[in-house]
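# Descriptive structure summary
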Amino acid sequence: MLKPLYNQLLLECPDEKDRKEGVLFMPETVNPASHMVEAKVLAIGDGLIGENGQRLPMSVKVGDVVLINRFSQIIIFRDKKYFLTPESNVAGIIPNETA
């Protein structure tokens, strides 16, 4: 697995096949919320280094499901697609409903 640096997150890239069928299609320009996708956090960096030389803790952890812009940077690593994005691009953490 790829280990991100600093405040970068490696996220599972949702498969287009996972989208529900039978949904009314609307152009992306009509609904800005359609630019957001859920993605599972696979790996995180160690965090940025603050002005005092101390590491700033990350707000997300491996296993969290987050909401990000679907136009975030996609990388291909070992023939699989991933999102690689800084933590600041995360709109929010989706709570685990089973907890």
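As a starting point, this report considers the structure included with it. (Residues numbered from 1 in each chain as written. Predicted model: local features only at pLDDT ≥ 70, side-chain atom pairs only at ≥ 80, totals over all residues. Heavy atoms only, no water.)

### Topic: the side chain of Glu 87
Relative to the assigned elements, Glu 87 resides in the loop between β5 (80-86) and β6 (90-94). A polar contact is formed between the side chain of Glu 87 and the backbone nitrogen of Ser 59, at a distance of 2.4 Å. Here Val 60 takes part through its backbone nitrogen, which lies 3.2 Å from a polar atom of the side chain of Glu 87. Setting aside anything within four residues of it in sequence, one finds Glu 87 in contact with Asn 7, Leu 9, Met 58, Ser 59 and Val 60. (Helix = DSSP H or I, 4+ residues; strand = E, 2+ residues; numbered from the N terminus. Polar contact = N/O pair within 3.5 Å; in protein donor to acceptor, adjacent residues only side chain to side chain. Contact = heavy atoms within 4.5 Å.)

### Thoughts on the environment of Leu 11
Within the element layout of this structure, Leu 11 appears in strand β1 (residues 8-12). When its relative accessible area of 0% is taken as the criterion, Leu 11 is described as buried. Between the alpha carbons of Leu 11 and Lys 81 there is a distance of 9.2 Å; along the sequence they are 70 residues apart. (Buried < 20%, exposed > 50% of the residue type's maximum accessible area, 1.4 Å probe, protein only.)

### Observations regarding the environment of Pro 86
Mapped onto the elements of the fold, Pro 86 is located in strand β5. With relative accessibility at 22%, the residue Pro 86 sits in the partly exposed group. Distance from Pro 86 to Pro 4, taken between C-alpha atoms, is 9.6 Å for residues 82 residues apart in sequence. Each residue touching Pro 86, except ones within four places of it in the same chain, is listed here: Asn 7 and Gln 8.

Remember, this is a structural readout, not a statement about activity or role.
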